[in-house]
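# An overview of the molecular structure
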Amino acid sequence: MSKYEFDRDFRFRKARTSARKIAFRVMAWIFGTMTLAVLYYIVLSLFISTDTEKRLIRENRMYARLYPELEEKQQLLEDVTLDLQGRDDAIYERIFHTQAPRIDPRGTGIVFRQDTVRQEDLVEETFRRAEGLRTKTSGVDSSFLSVFAALAGGQALPPVSLPLEDVSYTLTGASTGERISPFSKVESFHGGLDIIAAQGDPVLATADGIVRDVTRSGKGLGNVVTIDHGNGYETRYGHLGNIYVSKGQKVTRGKRIALVGISGKSLVPHLHYEILHDGVPQDPSRYFVASLGPQAFADVAFMAASTEQSLD
C-alpha cells in the first residue's frame, strides 16, 4: 500500500523513502533483534536450567557438603604422615644412629649428609653414583646371560627368586661391598644383602638344590642354612630363628626352610642373604630381576647400593 504526504508547497504527492531512512530502519531492526536475543538469553540463564546445568548444580551442592569432611581427613592424613616420619626417624636413630633418609629411588638418587655441599663434592658424588650404576647394569647383563645359558643347556637355574615373600626397596638394606659395621663403626666387607623383616617371617629357598650345611651358632651370622644349587651357585641364609631343613635334604624353589631371627651378631631382626658363584660373593639384588617388575627391581637395586651401613 503506497503512502502519500504533503510537500513544501502543500501539494499532496506519493511519499518517497530515502536511503537514510532505510538504513536507519535496518539498524533499528538489528538493534531491536539483538536486544531481544540478549533478554531471552538472560531469562533462560537465570530462570531455566538445562539438564547439564542441573547436574552440575547438584554436584556442587554435594561437594559443598563434603568439603569440610575432606578437610578433616586431609588434616588427619598429614598428622599420620608426620607421626610415621617421626617413628621412622626414631627407628633409624636406634638402628643406624642417623636420621631416616629423605630419599626416593625414583628421584635423583643422590643423598648427602649435609644440607650444603661444595660443587666439586656434588660432581664427585654424582660421578661415583653413575659409575656404581654402570657397574650394576653390567652385572645384571651377565646375570641374564647366565640364565639364558642355563636354559639353553637344560641346566638348573641360578637362584633368581625372592628369599622372603615381600621384598621392596623400603625393606632393602646394604648389599655386598665395603659397608660400615653397626658395632665397630668402621668399614668392613659385607658379603650379602640385608633384608629387613619381622622375626618369624618365613625364609624361602630361592632355587632348587640340596642343603649343603646347617649351622647353629651365637656368633657371626648365627643360625645359617647353605644350599647348593649346582652350576657353581650357592645361597646362604643368616641370622635365622627356627630351621626346618637338615644337611643333605633336597629342597625346591619357594620351600620354607627357616624363619627370620636375630641369632648371631645382628643388630635387629633381618635376613642376611648371600649368593656365591664358584665361591665368589655376588650382589643378590641383581638376581631379583626375574622376580620383580622393572621399577621395583630398580628401586631395590638402588637402595642396596646406596645403604652405607649393614645390620650385622
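Please read all numbers here as calculations on a predicted model, not as lab measurements. Position numbers for residues start from 1 in each chain and track the written sequence from start to end. Totals for whole chains, interfaces and linings use all residues, but because this is a predicted model, local features are given only for residues with pLDDT of at least 70 and pairs of side-chain atoms are given and counted only at 80 or more. For side-chain calculations, the full set of non-hydrogen atoms in the structure is used, while hydrogens and water are omitted.

To continue, consider the overall build of the protein chain. Only DSSP runs of H or I covering at least 4 residues are called helices, and only runs of E covering at least 2 are called strands; the numbering of each starts at the N terminus. Regarding its fold elements, the protein chain presents four helices and 13 strands. Counting across all 312 residues of the protein chain, residues that qualify as buried make up 32%. Two residues form a contact once any of their heavy atoms are found within 4.5 Å. Across the protein chain, contacts joining residues at least 24 apart in sequence account for 61% of those joining residues at least 6 apart. Surface accessibility of the protein chain: about 20500 Å² in total, with carbon and sulfur atoms responsible for 58%. A simple rule labels every residue: compare its accessible area, found with a 1.4 Å probe on the protein chains alone, to the largest value its type can have, and call it buried under 20%, exposed over 50%, or partly exposed in between. Using a 1.4 Å probe, accessible areas were evaluated by the Shrake-Rupley method; residue-level cover was limited to the displayed protein chains.

Our focus in this paragraph is the pattern of salt bridges. Whenever a carboxyl oxygen of Asp or Glu lies within 4 Å of a side-chain nitrogen of Lys or Arg, that contact is scored as a salt bridge. Scanning the model with the defined rule gives three salt bridges in all. In this structure, Arg212 and Glu234 form a salt bridge, with 2.8 Å as the shortest nitrogen-oxygen distance. With Arg212 in strand β7 (residues 209–215) and Glu234 in strand β9 (residues 233–243), the pair connects residues that are 22 residues apart, well separated along the chain. Relative accessible area serves as the criterion here: at 37%, Arg212 is assigned to the partly exposed category.

The subject of this paragraph is unusual backbone geometry. Despite not being glycine, Asn231 has its phi angle at roughly 60°, a positive value. Mapped onto the elements, Asn231 comes out in the loop between β8 (223–230) and β9. Judged by relative accessible area, which is 34%, Asn231 ranks as partly exposed. At His239, a residue that is not glycine, the phi angle is positive and equals roughly 60°.

What follows covers the packing of aromatic side chains. Any two rings among Phe, Tyr and Trp, with Trp reduced to its six-membered ring, count as a pair given centres within 6.5 Å; such a pair is stacked if its planes are under 30 degrees apart, edge-to-face if over 60, and tilted if neither. Under the counting rule described, the total for this entry stands at three aromatic pairs. Seen from their ring centres, Tyr233 and Tyr287 are 6.1 Å apart, and the 80° between their planes marks the pair as edge-to-face. Within this pair, whereas Tyr233 is found in strand β9, its partner Tyr287 is found in the loop between β13 (280–282) and α4 (294–306), the two being separated by 54 residues in sequence. With respect to class, Tyr233 is no different from Tyr287; both count as buried. Each member of the aromatic cluster is reached from another via a ring pair, and the members are Tyr237, Tyr273 and Phe288. Throughout this description, the term charge over a ring refers to an Arg CZ or Lys NZ atom that lies within 6 Å of the ring centre and within 35 degrees of the ring normal. For the cation-ring pair, Arg256 lies above Tyr244, with the distance from its terminal atom to the ring centre recorded as 4.2 Å.

A few words on the nonpolar core. Soluble globular proteins tend to pack their nonpolar side chains together in the buried interior. Here the nonpolar core consists of buried residues drawn from Ala, Val, Leu, Ile, Met, Phe, Trp, Tyr and Cys, with membership extended through side-chain atoms lying within 4.5 Å. With 30 residues, the main nonpolar core has Val203, Val225, Tyr237, Ile257 and Phe288 as its most contacted residues. Only β5 (193–196), β8, β9, β11 (256–260), β12 (270–277) and α4 provide two or more residues apiece to this core. If one sorts the elements of this core by residue count, β9 sits on top with four residues. Those residues within four positions of Phe288 in sequence are excluded, and the remaining contacts are Val160, Ser161, Leu162, Pro163, Val167, Leu193, Ile195, Tyr273, Phe297 and Val300.

Moving on to the pairing of strand β4 (residues 187–190). Residues in a regular strand project their side chains so that they alternate between the two faces of the sheet. Bridging between strand β3 (residues 177–180) and β4 involves four bridges; their strand directions are antiparallel. Its bridge partner lying in β4, Arg179 is registered against Ser188. The hairpin formed by β3 and β4 contains six residues between the paired strands, and Lys185 there has a positive phi angle of roughly 60°. What makes two strands pair is DSSP finding at least two bridges between them.

This brings us to the side chain of Asp194. Relative to the helices and strands, Asp194 is located in strand β5. In this tally Asp and Glu are treated as negative and Lys and Arg as positive; neither His nor the chain ends contributes. One buried charge, Asp194, has no salt-bridge partner; the nearest side chain with opposite charge is Arg179, at 7.8 Å. In this structure the side chain of Asp194 is engaged in a polar contact, spanning 2.8 Å, whose partner is the backbone nitrogen of Leu311. Here Asp194 is in contact with Leu171, Thr172, Gly173, Ala174, His270, Leu271, His272, Ser310, Leu311 and Asp312, once residues within four sequence places are set aside. Any N or O atom pair separated by 3.5 Å or less is treated as a polar contact, with the protein-specific requirement of one donor-capable and one acceptor-capable atom, and with residues adjacent in sequence counted only for side-chain atom pairs.

The subject of this paragraph is the environment of Phe288. Positionally, Phe288 belongs in the loop between β13 and α4. Separated by 126 residues in the primary sequence, Phe288 and Leu162 place their C-alpha atoms 6.6 Å from one another.

With 69% of its residues at a pLDDT of 70 or more, the protein chain shows a mean pLDDT of 78. Ignoring residues within four places in sequence, the model shows residues 108–117, a span with pLDDT below 50, making 15 contacts including any to other chains. The predictor rates its confidence in each residue with pLDDT, a number between 0 and 100.

Of all eight residues in β12, seven are buried, a share of seventy percent or more. As paired strands, β5 and β12 are joined by four bridges and run antiparallel to one another. Paired with Leu193 across the strands is Tyr273, a residue of β12. Taken together, the six bridges between β9 and β12 define a ladder with antiparallel strand orientation. In the sheet register, Thr235 faces β12, and the bridge partner there is Ile275. Connecting β12 to the next strand, β13, in antiparallel fashion are two residues, including Asp278 with a positive phi near 55°.

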